[in-house]
Amino acid sequence: MNTQRTVRQEAGTVEENALRLETAKAEQIVDALNADLANAYVLYHQLHKHHWNVEGAEFLDIHVFLQEVYEDVEDAADGLAERLQALGGVPHASMTTLADHATVETEDEDVYDVRTSLANDLEMMGDIIESYREHVELTENLGDYATAEMLREQLETLEEHAHHIEHYLEDDTLVVESATK
């Protein structure tokens, strides 16, 4: 391992950017996007946990669905990190920093029934959806329409997944009661 280290940019700083967005404006957007990035990784890990632990008659459908969702969340996180860098910022990267800067509450290590797990996912998604809406407005007000558009696209995908989870949580099912015992 190389012991010589050269820091190119310190975490928490925002440098001038080629996008010609004023540094003061970029700093506000970088802070917002780093919160979104942290939230995305908390959600990603919770969804992955539920993907691993899902059981029951609907196992396969929910298992596959959760994989699709956490892969979309991971793609969104990548987009957020790349935009942060383009704006002159430093994306949060360590697990500790991500956990410290997330605005959503991390689920504990226990394994829950699928209904509780999905309800927890829906709750977290709702909090993130609200944050995204605030950040779309912030970025638009600061004249960063490209970031606003990226957030809108991610918001639309997250809302669609939340809507599907809402359907999974409905009482209607094809599974007969005797099959659940």
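Relevant structure appears above.
Residues numbered from 1 in each chain as written. Predicted model: local features only at pLDDT ≥ 70, side-chain atom pairs only at ≥ 80, totals over all residues. Heavy atoms only, no water.

**As for empty space enclosed by the protein**
Line of reasoning, step 1. As enumerated under the stated definition, the model contains one cavity of 30 Å³ or more in all.
Line of reasoning, step 2. Forming the boundary of the largest cavity are K49, H50, N53, V54, I62, L66, V111, Y112, D113, V114, S117 and L118.
Line of reasoning, step 3. Counting only elements with at least two residues in the lining of the largest cavity, the list comes to α1 (23-53), α2 (59-86) and α4 (114-141).
Line of reasoning, step 4. Of the residues contributing to the lining of the largest cavity, the split by class is seven nonpolar, three polar and two charged. (1 Å grid on protein atoms, 1.4 Å probe; cavity = no way out; pocket = protein on both sides within 12 Å on 5 of 7 lines; lining within 4 Å. Points joined across faces, edges and corners; volume = space filled by probe spheres on them. Helix = DSSP H or I, 4+ residues; strand = E, 2+ residues; numbered from the N terminus. Nonpolar A, V, L, I, M, F, W, Y, C, P; charged D, E, K, R; others polar.)

**Considering the layout of surface pockets**
Line of reasoning, step 1. If you add up the space inside the second largest pocket, you get close to 260 Å³.
Line of reasoning, step 2. Lining the second largest pocket, in full, are Y41, V42, H45, Q46, K49, M95, L98, A99, T106, E107, D108 and E109.
Line of reasoning, step 3. Contributions of two or more residues to the lining of the second largest pocket are made by α1 and α3 (95-101).
Line of reasoning, step 4. In terms of residues, the lining of the second largest pocket owes the most to one element, α1, which gives five residues.
Line of reasoning, step 5. Looking at the lining of the second largest pocket residue by residue, the class counts come to five nonpolar, three polar and four charged.

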